[in-house]
Amino acid sequence: MHDDRTLVESRLKRVLDERIRPAVYPESVPLEVGIWTAPGEPVPVAEGLAAPRTPIAVGDAWGAPWGTSWITVTGTVPQAWAGRTVEALIDLGFDANMPGFQCEGLVYRPDGTPVKGLNPQNQWVRVAAPAAGGEQVLLHVEAASNPVILDYHPFLPTELGDKDTAGDQPQYKLTRMDLAVFDETVWQLVIDLEVLGELMAELPVDGARRWDVLRAVERALDAIDLQDVNGTAAAARSELTDVLAAPAVPSAHRISAIGHAHIDSAWLWPLRETVRKVARTTANMTALLEDEPDFLYTMSQAQQFAWIKEHRPEVYARVQKAVAEGRFVPAGGMWVESDTNMPSSEAMARQFVHGKRFFLDEFGVENHEAWLPDTFGFTGGLPQIIRNAGSKWLLTQKISWSQINKFPHHTFLWEGIDGTRIFTHFPPVDTYNCSMKGSEIAHAAKNFKDKGVARHSLAPTGWGDGGGGTTREMVAKAGRMKDLEGSATVRWEKPAEFFAKAEAEYPNPPVWVGELYLELHRATLTSQAKTKQGNRRSENLLREAELWCATASLRTGADYPYEQLDRIWKTVLLHQFHDILPGSSIAWVHREAEATYAALAAELDALIDGAQQALAGDTAGGRELVFNSAPHPRSAVPAGGAAPAGSGAGACEVVERPEGGFLLRNGLLDVVVDADGLVASVVEVASGRESVAPGTRANLLQLHPDFPNMWDAWDVDQFYRNTVTDLTAVDALTALSAPDQAAVRVARSFGSSTVVQTLTLRAGEQRLDIDTEVDWHETEKFLKAAFPLDVHTERYAAETQFGHLYRPTHTNTSWDAAKFEACNHRFVHLDEPGWGVALVTASTYGHDVTRAVRDTDGGTTTTVRFSLLRAPRFPDPKTDQGLHRFRHALVPGAAIGDAVREGYRIGLPERRVTGSAEQVAPLVRLDNDALVVSAVKLADDRSGDLIVRVYEAGGGRARGLLTTSYPLAGAVPCDLLERPWDGTRGEVAVEDGAVRLALRPFELVTLRLSAAG
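Given the structure is predicted, the values throughout are model-derived calculations rather than measurements.

Draft legend 1. Representation of the nonpolar core. Judged by nonpolar contacts, the single largest core of 250 residues is most densely connected at Ile20, Leu92, Leu946 and Leu1009. In contact with Leu946, other than residues within four places in its own chain, are Ala550, Leu554, Leu923, Val924, Val936, Lys937, Leu938, Tyr966, Leu1007, Arg1008 and Leu1009. Membership of the second largest hydrophobic core comes to 48 residues, among which are Leu768, Ile770, Leu830 and Ala871.

Okay, here's the thing in structure tokens:
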């Protein structure tokens, strides 16, 4: 037989496009349309429904950027349509390729009841089935004219990303406003032919199944009268019955499909628009659940449920009903799908605390999976946090985006820094927006790396990013692939059902140890510096507020601000979403974030001030107390307590050097700042050891061009290093001195920007503080601060949640080389046996570490560079423009414990309060600095119990005694949700009114302490 595949396939495409799909709606009549545009931000539903309408017609422009228009459609179902299914077709000017990325609408009935959402892949509203004829149609559409930010030519700078700069030019034209007859037989034929056509393209040419399908499709096309598609569709479908009924082979890959709409809580739209996106999508999905009995839908992010509850209670009632029926599945157990690289230990824990507690309180649902399909890599501290939250599984898809190395597994055990292992799955379909195309299903089966030992994978199915969810077409396609020869089998299953099956069939999966580093989107560790600083400051202030409010409550009976702290935590957690904290959202999002962080800081400062004043007592005739919220003592002030300010710990001096520059001394360090304002030498006096590599200078600001191949705010490509400008020109170099500190101020200018740095040695501190103020007005540039160190090491430590992880300083493998930009929290640490250096940071995350061998002496120079600022132009064309302040510190002679201590201190400054109290004893003390307290707070259940979270910070086993300054009745190990938990692997024992701890490396334990009496 001649090979006529191309002929038949081309015929199928044209007939589908030009005759069969148009025949789904064989008859239509126009609707009358009126419009009212809200003058500013979205208005309440009642106001939108009642507003006067102005006539508008198909073809007319509407919708300024970020505007809201209320569109009303009216009409009458013709009598001739009696007994038929009738739908309203409402096309607001959609581009079918952009679901979630352009205009959208939510349809209401006249009484304000929401019906469903409208988007480019979902433009229909069922009116009658069957129609009686003569029905009056009146529907209202709350239409959002969100502008297209990521267009066909992506990453072009645009001012559309902020309502303050977007202008008022209409963005869309009404395209279709009709009542139409829906021919379900033709629609089913479309699905039949799409499924078979897509399957056929994936089958081997030399296999009989492909030819069976081809001939059946050809017979179906022959059966269609192109002038009477509606009359012959049933006959065409009958030709396909046998090939659609042929069952899958027993070895077929098995796909658990779950309806899904990964909705970014902010990205190319502001937070307020996400509230409406979620309402539109959930309205659609609850309606689809009613129509499709096999369909299941999942939604993560407790914040999004909370938004619906607050803003769209009618939709929320439908969600509650569907959850109770087990068909709308809350997933993930986190407040938002957060970034996991940058959030602090406590913030990452609270993502699960607040997320899981919301689902438990609202629905009685306990999640056992972490659901993070789109997060930009995963830190090694996360498995322990997942386990301590009472969960045991993780799903993500994003690692498939890695540019260089292909991840070797799809199902595996992920082992964190403490040894915790989490059963993890990467869907081989390689998308969290699966649309049930044959190519996607075939790719999942072919791509699955665990063939022979496992056969299950998950497919999150539905339009996401900007929302939309699953369509009726996707459900219909899945139904045909439930058991279809040549295809993987598809079943609608809950995430927990999938994980249980996958775990049962794969009892000994491979193990991946350490972080899951995404070889992409590395610049998200630096973009939008003020957002990142606001996050870090909020985390620190929350630690202080909880500590001092708990102390004041137990010491003085002061009210503990449960509701206020709960609200603030949720706001901070929301802003850790993986397109807010990483700096990859539009200007509007980051402008609002900066204002939000400022407001939160003022609130938290007030809480801290009030609690500390209550503890310090009457100010009249009082003394100055120093409050220390860090987990280690300093300046004779205990951790978590307060004591009178001590006297100075020694003298400092600044000596002008004949050759230019200055020498700073404090008895612990000798620091040379040369005539260029660079750090030429840092000597630890006790050992005589030099920190700065010979022939180099530290605190060197370096400027690179920064124009990645794509994903401007997200990416930095390795070739940026090919060109570098060292910023050595000095505008001014000034010595500053005081009895307890010695400093040098350096002023520079470059391009359109200026920088002033103050390098300070303080009495009694073996640390060089570096305060940097940059007035930044560069474009597409990358600013780094380099510290070339005289340290020979093949690895370095970077802090992560509840510990640190090690990364290589070399590039032996492509996996090593790919980590050319990485994340740290408060410190990086490098050491040789017996001596080390820490670099600590108050608010930056991105850094790189490289090594070189010197020609002069054969020694090794290991250079750490902190990433300070970028200037990408998409999606925010003015990213990071303006004034920024940073603080870093160089700590010579530091062991890992010193790095931990200095990392906490740099972000938790002493606070001084005048009062009558002689001191404030800490609520708890630990006698081993390797055991670090990450949180002290009152229990969320308002029992009055104290919650103390402790972790081992050095990477070794540690024993310690935790004592309280009040009579202790008992200590119970808990999970993160403060429930009794037997998952602690170390030892926790109450002895003689104290708690004896023996923790494994990086182990964390949460203790509930009850007071006696």
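Moving on from the coordinates now.
Draft legend 2. Molecular detail of the side chain of Asn146. Structurally, Asn146 can be placed in the loop between strand 10 (136–145) and strand 11 (172–173). Asn146 gets classed as buried once you look at its relative accessible area, which sits at 2%. With residues near it in sequence (within four places) discarded, Asn146 still touches Trp66, Gln102, Cys103, Glu104, Tyr172, Glu273, Lys277 and Arg280.

Draft legend 3. Representation of the pattern of salt bridges in the model. Inspection of every chain in the model, using the stated rule, returns 88 salt bridges. Of the charged contacts in the structure, one is a salt bridge between Glu902 and Arg901, with a shortest N-O distance of 3.4 Å. Given the relative accessible area of 4%, Glu902 is considered buried.

Draft legend 4. Quick look at helix 12 (residues 438–447). Buried residues of helix 12: Gly438, Glu440, Ile441, Ala442, Ala444 and Asn447, and no others. Contacts from the buried residues of helix 12 go to helix 3 (184–202), strand 13 (254–259) and strand 21 (489–492).

Draft legend 5. Inspection of the packing of aromatic side chains at higher detail. For the coordinates displayed, the defined rule picks out 40 aromatic pairs. Relative to Phe426, the ring of Phe407 has its centre 5.1 Å away and its plane inclined at 55°; by these criteria the two rings are tilted. With Phe407 in the loop between strand 17 (393–395) and strand 18 (411–415) and Phe426 in the loop between strand 19 (421–425) and helix 12, the pair connects residues that are 19 residues apart, well separated along the chain. Among the residues examined, Phe407 registers a relative accessible area of 8% and is labelled buried. Given a relative accessible area of 4%, Phe426 falls into the buried group. With a centroid separation of 5.4 Å and 50° between ring planes, the pair formed by Trp512 and Trp815 is classed as tilted. With Trp512 in strand 22 (residues 511–513) and Trp815 in helix 18 (residues 814–817), this pair connects stretches of sequence that are 303 residues apart. Residue Trp815 is classed as partly exposed on the basis of its relative accessible area, which comes to 31%. Aromatic rings pair up to connect Phe295, Tyr297, Phe305, Tyr316, Phe328, Trp335, Phe358, Phe359, Phe363 and Trp492 into one cluster.

Draft legend 6. Structural view of the sheet that holds strand 31 (residues 725–727). Strand order in the open sheet formed by 6 strands is 31-30-36-43-42-39, and the pairing between neighbours is antiparallel. Both edges of this open sheet fall to strand 31 and strand 39 (822–823), since each of them pairs with a single strand only. Bridge count for strand 30 (residues 700–705) against strand 36 (residues 781–789) is 6 bridges, and the pairing is antiparallel. Bridge pairing in strand 36 links His704 to Phe782.

Draft legend 7. Spotlight on the packing of helix 7 (residues 271–291) against helix 8 (residues 302–311). Packing of helix 7 against helix 8 leaves a shortest axis separation of 9 Å and a crossing angle of 85°. Here helix 7 is positioned roughly perpendicular relative to helix 8, judged by the angle of their axes. Between helix 7 and helix 8, the residues in contact are Leu271, Thr274, Val275, Val278 and Thr282 and Gln304, Trp307, Ile308 and His311, respectively. Tallied by class, residues from the contact of helix 7 with helix 8 come to 5 nonpolar, 4 polar and no charged.

Draft legend 8. Local environment of helix 16 (residues 562–574). For helix 16, with 13 residues, the first-to-last C-alpha span of 18 Å sits near the 18 Å given by 1.5 Å per residue. Within helix 16 the residues assigned to the buried category are Tyr562, Leu565, Ile568, Trp569, Thr571, Val572, Leu573 and Leu574. Here the buried face of helix 16 lies against helix 7, helix 8, helix 10 (345–363), helix 15 (529–556), helix 17 (587–616) and strand 47 (931–938).

Draft legend 9. Focus on the environment of Arg807. Of note, Arg807 is situated in strand 38 (residues 803–808). Judged by relative accessible area, Arg807 falls into the buried class, the value being 4%. Here Glu515 takes part through its side chain, which lies 2.8 Å from a polar atom of the side chain of Arg807. Looking at Arg807, its side chain comes within polar contact range of the main-chain oxygen of Cys823, at 3.0 Å.

Draft legend 10. Region of the structure containing the side chain of Arg748. Looking at where Arg748 falls in the secondary structure, it is placed in strand 33 (residues 741–750). With no salt bridge to any partner, buried Arg748 finds its closest opposite charge in Asp676, at an N-O distance of 6.3 Å. At 3.3 Å, the side chain of Arg748 and the backbone oxygen of Gly677 are in polar contact. One polar contact links the side chain of Arg748 to the main-chain carbonyl oxygen of Thr728, over a distance of 3.1 Å.

Rules used in this analysis
Residue numbers run consecutively from 1 along every chain, following the written order of its sequence. Under the rules for a predicted model, residues below a pLDDT of 70 receive no local features and side-chain atom pairs below 80 are neither given nor counted, while totals for whole chains, interfaces and linings still include all residues. Hydrogens and waters are ignored; side-chain quantities use all the structure's heavy atoms. In plain words, nonpolar cores are sets of buried Ala, Val, Leu, Ile, Met, Phe, Trp, Tyr and Cys residues tied together by side-chain atoms within 4.5 Å. The buried label goes to any residue with under 20% of its type's maximum accessible area, the exposed label to any with over 50%, and the partly exposed label to all in between, with areas taken from a 1.4 Å probe on protein chains only. Contacts are assigned to residue pairs with any non-hydrogen atoms lying within 4.5 Å of each other. The helix count covers DSSP runs of H or I at least four residues long, the strand count covers runs of E at least two residues long, and both are numbered beginning at the N terminus. Each salt bridge in this description consists of a side-chain nitrogen of Lys or Arg and a carboxyl oxygen of Asp or Glu lying within 4 Å of one another. Stacked, tilted and edge-to-face pairs are distinguished by plane angle, under 30 degrees for stacked and over 60 for edge-to-face with tilted covering the rest, among Phe, Tyr and Trp rings (Trp via its six-membered ring) whose centres lie within 6.5 Å. Strand pairing follows a simple DSSP-based rule, namely that at least 2 bridges must link the two strands. Every angle, taken between N-to-C directions, lies between 0 and 180 degrees, and every axis is a line fitted to C-alpha atoms, over only the stretch in contact when it is a helix. The cut-offs work like this: below 35 degrees is roughly parallel, past 145 is roughly antiparallel, 65 to 115 is roughly perpendicular, and the gaps in between are oblique. Lys, Arg, Asp and Glu make up the charged group, whereas Ala, Val, Leu, Ile, Met, Phe, Trp, Tyr, Cys and Pro make up the nonpolar group; the residues left over, Gly among them, are polar. Helix span, as expected, comes to 1.5 Å for every residue beyond the first. Contacts described as polar in this section are N or O atom pairs within 3.5 Å, which, within protein, must combine one atom able to donate a hydrogen with one able to accept it, while residues neighboring in sequence count only if both atoms come from side chains. For the purpose of charge, His is not counted, nor are the chain termini; Lys and Arg are scored as positive and Asp and Glu as negative.

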